[in-house]
Amino acid sequence: MPRLVKTAPAQNLLGIGALLGVVPLSIYLSISLTLLGLDKFHYVLAGGKKFATFPNASTHLGISLSYLILVLLHLIWLLGTPYSYYPARFRDVLKRVAIFLLLAWVAFPLGNDIYLYLHFGLMNLSHVDPFTTPAGGFLSGLSPLVDWKQTSTYGPISQLLFSLSAAAIALHPILAVYIFKSICAIAHLFNGYLIWHILPPLQRGKITTAYLLCPLLLLEQVGSAHVDVFVNTCVLVMAACLIKQRYTMAVLALWGGFLAKTIPIIWMPLVGLFLIRQQRWKQLAIALLVSLLVVATLSLTVLPNLQSWRSLLNPGVVGQYQSSLPSLLRASFETLQIFSPGFLPLGDQKQVLLNTARYGLLIFAIFYAWTVLQMFRQPTYSALNLIEAIGWVTLVLMLYSTAWLMPWYVSVLLAIAAVIPTAQVFGLTTLMFMVSSSAIYWLQGDAGLRSLVTLGLPTLALMIGSKLLTNPMVKAEEQNE
């Protein structure tokens, strides 16, 4: 995130120039996604062959390139303009972002995940357990549109929202889609409101606006209605509670995030160790008691057996590779196979890829242990340090230890970066990860190049940023006091 600087005419011109192309591109993207989504919905249900994301090359290039350009224009505006916008109220920010939020709400989801969500909702309404019964084992009117046939990886809170939306399918499936999109749009606005209240006055206006206008968040969390928007809510509530030393509420926020999507589980040990580091024994005891009560309640209700809990860990992607180190390695094998047929048997290739995925998890474990060590070695360690540590372990997991990486996974890192703007290296790396994730749609036809760009751009930003930027977390603490 950029530092607070004085207003410069050149910077203002750069920011204004970037914004000139945003409105027409946003309108084009919203209309294109709506036409594509509705056509896909009716075409597949009429018996047409289901396609992955785009039906043809022209649609692919039009949507993916306009989206990527929007992301780049947003980045230019963010980095090229100073903190010169000081709105007095959050509603002043809403006036600036309202048209873009409306366009994102109108845009039909790009992928098919929304149909999986509603399909799970129908399972819940039919009293079929989505954690033990695979999606492919339950037939509904949306079954032809469901890509993943496994059991649900989304927790009870997400299931409740799926069910509320799916109840409208009896009237029309499209209505159910837009009900869930409305819930996601409200959550996105609430996340912006949380950022507004967490940040100090000199930073809140621009960063809150940048967050609410972020094309990746608007496309993935509002337009495509991915449940990651609720994980962002979790991490922002947690951050606010940690800064205000409301540690029990922070733990409850973590559990809320886990009950939407699994990733907050990796943050729980860090929060517990932070309480030990701060010698907050009473809060630690309450947090442990609350956690035990949550686990016991879930075990007696919606997650009664080990199979149900295991479903939350997304076992369906084991052995599958997307925009990751194993995916890059697999693409290299395919290229070498062209020039040297039979250089490595297919069975050996699979074993190498599996071992690479395991080594990635080892990298994550080592980095996690190093992060914990740093927590106890530093003479002072604040809530802002903890939030940054949570961001780094999540980024390392996604970049180097996750075999299956989707374009919207980076969205939680954007929420973390928004509340620690003085963590410049982390902010720059996250922004470049946002750009590389946005390029995934454009590069979907080349698995090797897609993986190289997805991992390489943020890695390059990390290397350069570590040399050129500082990370003054002490100043961040002073600004938040």
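Residues numbered from 1 in each chain as written. Predicted model: local features only at pLDDT ≥ 70, side-chain atom pairs only at ≥ 80, totals over all residues. Heavy atoms only, no water.

Peer 1: Requested: an account of the overall build of the protein, with residues and values cited.
Peer 2: Secondary structure assignment for the protein yields 21 helices and zero strands. A globule of 481 residues ought to have a C-alpha radius of gyration of about 23 Å, and the protein, at 22 Å, matches this closely. Taken over the C-alpha atoms alone, the protein extends approximately 60 × 55 × 55 Å along its principal axes. A sequence separation of at least 24 residues applies to 76% of the contacts in the protein between residues at least 6 apart. For the protein, the exposed surface amounts to about 20,700 Å²; the carbon and sulfur share of it is 70%. If the 27 positive side-chain charges of the protein are averaged to one point and the 14 negative ones to another, these points end up 7 Å apart. (Helix = DSSP H or I, 4+ residues; strand = E, 2+ residues; numbered from the N terminus. Rg over C-alpha atoms; globule rule 2.2 N^0.38 Å. Contact = heavy atoms within 4.5 Å. Areas by Shrake-Rupley, 256 points an atom, 1.4 Å probe, with all protein chains shown as cover. Lys, Arg positive; Asp, Glu negative; His and termini not counted. Charge placed at Lys NZ, Arg CZ, Asp CG, Glu CD.)

Peer 1: If you had to explain the pattern of salt bridges to someone new, which residues and values would you point to?
Peer 2: For the structure shown, the criterion picks out two salt bridges. R89 is the partner of D92 in a salt bridge, and the nearest nitrogen-oxygen pair spans 3.6 Å. Here K261 makes a salt bridge to D228, at a shortest N to O gap of 3.0 Å. Of this pair, K261 sits in the loop between α11 (247-258) and α12 (268-277) while D228 is found in helix α10 (residues 228-243), placing the two residues 33 residues apart along the sequence. In this structure, K261 and D228 share a single accessibility class: buried. (Salt bridge = Lys/Arg side-chain N within 4 Å of Asp/Glu carboxyl O. Buried < 20%, exposed > 50% of the residue type's maximum accessible area, 1.4 Å probe, protein only.)

Peer 1: Please provide a residue-by-residue account of helix α15 (residues 325-339), values included.
Peer 2: Between its terminal C-alpha atoms α15 stretches 22 Å, which fits the 21 Å expected from 15 residues at 1.5 Å a residue. Elements in contact with the buried residues of α15: α16 (346-377) and α20 (447-468). (Expected span 1.5 Å × (residues − 1).)

Peer 1: Give a description of the confidence of the model for the protein that names residues and reports values.
Peer 2: Per-residue pLDDT for the protein averages 90, and the proportion of residues at 70 or more is 93%. Taken element by element, the predicted model of the protein shows its lowest mean pLDDT in helix α21 (residues 473-480) (43) and its highest in helix α18 (residues 411-419) (98). Segment residues 1-11: pLDDT under 50, and 29 contacts once partners within four positions in sequence are set aside and those in other chains are kept. Within the model, the stretch residues 472-481 combines pLDDT values under 50 with 19 contacts to residues more than four positions away or in other chains. (pLDDT = per-residue confidence, 0-100.)

Peer 1: Any details on the packing of aromatic side chains? Residues and values, ideally.
Peer 2: Enumeration over the complete set of coordinates arrives at 22 aromatic pairs. Judged by centre distance (6.3 Å) and plane angle (50 degrees), the rings of F274 and Y381 are tilted. Here F274, found in helix α12, pairs with Y381, found in the loop between α16 and α17 (383-401); they are 107 residues apart in sequence, far enough to count as distant. An identical accessibility class is assigned to F274 and Y381; each is buried. K206 extends its terminal NZ or CZ atom over the ring of W77, reaching a point 5.9 Å from the ring centre. (Phe/Tyr/Trp six-rings, centres within 6.5 Å; stacked < 30°, edge-to-face > 60°. Lys NZ or Arg CZ within 6 Å of the ring centre and 35° of its normal.)

Peer 1: Explain unusual backbone geometry residue by residue, including any values.
Peer 2: Of note, the phi angle at H127 is positive, near 60 degrees, even though the residue is not glycine. Within the element layout of this structure, H127 appears in the loop between α5 (113-125) and α6 (156-166). Phi at Q245 is positive, roughly 60 degrees, even though this residue is not glycine. One can find Q245 in the loop between α10 and α11.

Peer 1: Can you explain a nonpolar patch on the surface? Please cite residues and give values.
Peer 2: Together, L460, M463, I464, L468 and L469 make up a nonpolar patch on the protein surface, roughly 500 Å² of accessible area in all. Here M463 falls in the exposed class, since its relative accessible area comes to 53%. (Patch = residues over 30% accessible without salt bridge, like charges linked within 9 Å, V, L, I, M, F, W, Y side chains within 5 Å.)

Peer 1: Residues and numbers for the packing of helix α19 (residues 424-438) against α20, please.
Peer 2: Put simply, α19 and α20 touch, their axes get as near as 8 Å, and they point 160 degrees apart. In terms of orientation, α19 and α20 fall into the roughly antiparallel class. In terms of crossing hand, the pair formed by α19 and α20 is right-handed. Of the residues in α20, those in contact with V425, L428, T429, M432, F433, V435 and S436 of α19 are V453, T454, L457, P458, A461, L462, G465 and S466. Of the residues assigned to the contact of α19 with α20, the class counts are 10 nonpolar, five polar and no charged. (Axes fitted to C-alpha atoms, helices over the stretch in contact; angles between N-to-C directions. Parallel < 35°, antiparallel > 145°, perpendicular 65-115°, else oblique. Left-handed = near helix turned anticlockwise from the far one by under 90°. Nonpolar A, V, L, I, M, F, W, Y, C, P; charged D, E, K, R; others polar.)

Peer 1: Report on the nonpolar core, specifying residues and quantitative values.
Peer 2: Nonpolar side chains in soluble globular proteins tend to be buried together. M238, W267, L386, F426 and M434 are the most contacted members of the largest nonpolar core, which has 119 residues in total. Among the elements that take part in this core, α17 stands out by supplying 14 residues, more than any other. Residues in contact with W267, not counting those within four places in the same chain, are V231, C234, V235, L254, I390, T394 and V412. By size, the runner-up hydrophobic cluster in this structure holds 34 residues, among which are V44, F108, L116 and L122. (Core = buried A, V, L, I, M, F, W, Y, C linked by side-chain atoms within 4.5 Å.)

Peer 1: How would you summarise the environment of K149 if you had to cite specific residues and measurements?
Peer 2: For K149, the location among the structural elements is in the loop between α5 and α6. With 33 residues separating them along the chain, K149 and L116 place their C-alpha atoms 8.9 Å apart. For K149, the contacting residues outside a window of four places in its chain are P134, A135, G136 and S143.

Peer 1: Kindly report on the state of the cysteines, identifying the contributing residues and their values.
Peer 2: Counted according to the given criterion, the structure contains zero disulfides. Lacking any disulfide linkage, C184 is separated from the closest cysteine sulfur, that of C234, by 15 Å. A relative accessible area of 0% means that C184 is categorised as buried. C234 takes part in no disulfide bond, and the closest cysteine sulfur to it belongs to C241, at a distance of 10 Å. (Disulfide = S-S within 2.5 Å.)

Peer 1: Describe the packing of α5 against α6, and please don't skip the residues or the numbers.
Peer 2: Direction vectors running N to C along α5 and α6 enclose 85 degrees, while the axes themselves pass 7 Å from each other. Between α5 and α6, the interaxial angle falls into the category roughly perpendicular. Contacts between α5 and α6 involve Y117, L118, F120, G121, L122, N124 and L125 from the former and Q159, F162, S163, S165 and A166 from the latter. Its residues assigned to classes, the contact of α5 with α6 comprises seven nonpolar, five polar and no charged.

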